[in-house]
Amino acid sequence: MSEEQRDQSQSPAVSAEPPVGPQPEPIRFFGTSWVDHTDGYALRRAALAAGSLVGAAAGAYLLRLAYEGLEIGNVGPFLSISVIVLFAIATAIAFAKTWESFGRRPAPSSDEAALKGLKAIGFIGSLLAYFLRSLTEAPGEKLHRTEYERAAAEYERRRSSRTGNPAARRRPKRKK
């Protein structure tokens, strides 16, 4: 074993103490950098906005190719119009549900699981919601920040009400 390896192996162990107080919940693509806007937060937000817009444009182009395939297949106007209406409705619902999810958590008994297929069909709406939200903040940041600040305030309130060692308190004398 070299001298450097011995020095590294003899270094004190890193303390594995759990963090004190509430911890921020990570957001997809941002981790916990949303708390203090560090670690390339602005760059990540710009990349997410650009990526979601490019993804939406690519999805729209693919849907256009699919529509042209229907036209080439000469399926008739009813089916062509039905496909356009279906994708428009699915996109609008996906946009609304994605936008709504940035502001509140879904209820445990909500119908979010039932809408997964519809949101997959209307993926362009979800991507546009991500684009618009990432222009102002990380998607879901406002919700997470509100919850984190509420938990931190609650923790401080509970912590400040404690004074001294509870085991050292004098017990009141009982009447006989």
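Located above this text is the structure these notes cover.
The model shown is predicted, which means the values in this text are computed figures rather than measured ones.

Procedures and definitions
Note that residues are indexed from 1 along each chain, following the sequence as it is written. Restriction of local features to residues with pLDDT of at least 70 applies here, the model being predicted, together with a cutoff of 80 or more for giving and counting side-chain atom pairs; totals for whole chains, interfaces and linings are based on all residues. Hydrogens are left out, water is left out, and the side-chain values use all remaining heavy atoms of the structure. The axes used here are C-alpha line fits, helices contributing only the stretch in contact, and every angle between their N-to-C directions lies in the interval 0 to 180 degrees. Where helices and strands are cited, they refer to DSSP runs of H or I of at least four residues and of E of at least two residues respectively, numbered from the N terminus. Throughout this description, any angle smaller than 35 degrees is read as roughly parallel, any larger than 145 degrees as roughly antiparallel, any in the 65 to 115 degree range as roughly perpendicular, and the remainder as oblique. Helix crossings are classified by the rotation of the near helix relative to the far one: an anticlockwise turn of less than a right angle makes the crossing left-handed, while a clockwise turn makes it right-handed. In what follows, residue pairs with any heavy atoms lying within 4.5 Å of each other are defined as contacts. Note that Gly is not counted as nonpolar here; it falls among the polar residues with everything else outside the nonpolar set of Ala, Val, Leu, Ile, Met, Phe, Trp, Tyr, Cys and Pro and the charged set of Asp, Glu, Lys and Arg. Working definition: rings of Phe, Tyr and Trp (its six-membered ring) pair if their centres are within 6.5 Å, and the pair is stacked with planes under 30 degrees apart, edge-to-face with planes over 60 apart, and tilted otherwise. Each residue's exposure class comes from its accessible area (1.4 Å probe, protein chains only) as a fraction of the maximum for that residue type: buried when under 20%, exposed when over 50%, partly exposed otherwise.

Chemist: Would you mind going over the packing of helix 2 (residues 41–72) against helix 3 (residues 77–101) with me for this structure?
Modeler: Packed helices, taken two at a time, are described by their axes: the angle between them and the distance between them. Contact geometry for helix 2 and helix 3: axes closest at 10 Å, N-to-C directions at 165°. Compared by their axis directions, helix 2 and helix 3 come out roughly antiparallel. Between helix 2 and helix 3 lies a crossing whose hand is right-handed. Listed contacts from helix 3 to L63, Y67, L70 and E71 of helix 2 are S80, V83, I84 and F87. By residue class, the composition of the contact of helix 2 with helix 3 is 6 nonpolar, 1 polar and 1 charged.

Chemist: Hey, could you run me through the packing of aromatic side chains in this one?
Modeler: Describing an aromatic ring pair means giving the distance of the ring centres and the angle of the ring planes. This structure, assessed with the given rule, holds 5 aromatic pairs. Between the aromatic rings of F95 and W99, the centroid separation amounts to 5.9 Å while the plane-to-plane angle is 15°, which identifies the pairing as stacked. Of the two residues, F95 and W99 both sit in helix 3, 4 residues apart, roughly one turn of that helix. Judged by relative accessible area, which is 28%, F95 ranks as partly exposed. For W99, a relative accessible area of 34% puts it in the partly exposed group. Taken together through their ring pairs, the aromatic side chains of F95, W99, F102 and Y130 make up a single cluster.

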